[in-house]
Amino acid sequence: TFYYQNWANQEIDTTLANGNSVSANGTSEYKGVNGSFDDDPIARLHVFANANVETATYTNYETVVPIGSSTPEQNFNGLHVPYVPKSTINAGAYYDFPVSHEIHIRPMASFQYTGAQYIFNNNGVDSSGNQFPQPSNQTMPGYGTLNLGVKVPYKFMELNFNALNVADSKYLIYEYISSGGYFSTAGNGTPAQSAGYILAYPGAPISVYGGITLHF
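About the criteria used
- Residues numbered from 1 in each chain as written.
- Predicted model: local features only at pLDDT ≥ 70, side-chain atom pairs only at ≥ 80, totals over all residues.
- Heavy atoms only, no water.
- Helix = DSSP H or I, 4+ residues; strand = E, 2+ residues; numbered from the N terminus.
- Polar contact = N/O pair within 3.5 Å; in protein donor to acceptor, adjacent residues only side chain to side chain.
- Contact = heavy atoms within 4.5 Å.
- Pairing = 2+ DSSP bridges.
- Axes fitted to C-alpha atoms, helices over the stretch in contact; angles between N-to-C directions.
- Phe/Tyr/Trp six-rings, centres within 6.5 Å; stacked < 30°, edge-to-face > 60°.
- Buried < 20%, exposed > 50% of the residue type's maximum accessible area, 1.4 Å probe, protein only.
- Salt bridge = Lys/Arg side-chain N within 4 Å of Asp/Glu carboxyl O.

Colleague: It is not clear to me how the side chain of N52 should be interpreted in this structure. Could you clarify?
Modeller: Here N52 shows up in strand β3 (residues 45-63). Only 3.2 Å separates the side chain of N52 from the side chain of Y3, close enough to count as a polar contact. Those residues within four positions of N52 in sequence are excluded, and the remaining contacts are Y3, V33, N34, K86, S87 and T88.

Colleague: Explain the sheet that holds strand β11 (residues 172-177) to me, please; I cannot follow it from the model alone.
Modeller: Neighbouring strands of a sheet are bound in pairs by backbone hydrogen bonds; such pairs are parallel or else antiparallel. Within the open sheet, the 4 strands sit side by side as β8-β7-β11-β12. Their pairing is mixed. Two strands lie at the open edges of the sheet, namely β8 (134-140) and β12 (198-202), each paired on one side alone. Averaged over all pairs of adjacent strands, the angle between strand axes in this sheet comes to 30 degrees, irrespective of strand direction. As paired strands, strand β7 (residues 117-121) and β8 are joined by 4 bridges and run antiparallel to one another. Opposite Y118, over in β8, you have T139 as the bridge partner.

Colleague: Looking at this structure, how should I read the packing of aromatic side chains?
Modeller: Here the distance between the centres and the angle between the planes together describe a pair of aromatic rings. Scanning the model with the defined rule gives 7 aromatic pairs in all. Their ring planes at 15 degrees and their centres at 4.7 Å tell us that Y143 and Y171 sit as a pair that is stacked. Taken together, the residues span a long stretch of sequence, with Y143 in strand β9 (residues 143-154) and Y171 in the loop between β10 (157-164) and β11 at a distance of 28 residues. With relative accessibility at 18%, the residue Y143 sits in the buried group.

Colleague: Sorry if this is basic, but what is going on with the pattern of salt bridges here?
Modeller: If you walk through the whole model with that rule in mind, you get 4 salt bridges. Measuring nitrogen to oxygen at the nearest pair gives 3.4 Å for the salt bridge that ties K170 to D168. Within the structure, one salt-bridge network assembled from shared partners comprises R44, D96 and R106.

If you want it as structure tokens, here you go:
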């Protein structure tokens, strides 16, 4: 499937390190291709996969200049929309293993991949050299996780056990370029230390959990 989406009349608000907010209006364009399949290659074995490749850009991104302000209007047309993965992949399989007439064990394995994403720059500057948050041309790397699980349906209930990121991969799920406001470093020390560094959130390590589902 090929798709095209145009999001118009967007209000894009960002907050500066000093607490002031900056407003902008914009239009973004999303284009991509996705596909999926599932099959039972042999009895009791089910395989599935889906993938998506996508680009997202601002066809229009202009700041709102307050009446009477001498600040020039900023234009970021053509920049990429942050935090839209360039590609995603999800693939896996499960097998239905009958233990008895009423009890079946269904082990499952899957792999999930999230591609590189453009990040936001809170430390950007406008044409006059003033601080102005804006989309960045810098990207954070893609990451993938391997997951395992098993389900045991029995009459009106279902037991399940899942282990996510079983390879304990180290990855980041979010990054942005800091203006120094989060840790109050703006204006402290040398410029290279006070702002412009990347802050990130790490992804979860190996996680194991179980549960019971009841059907009424």
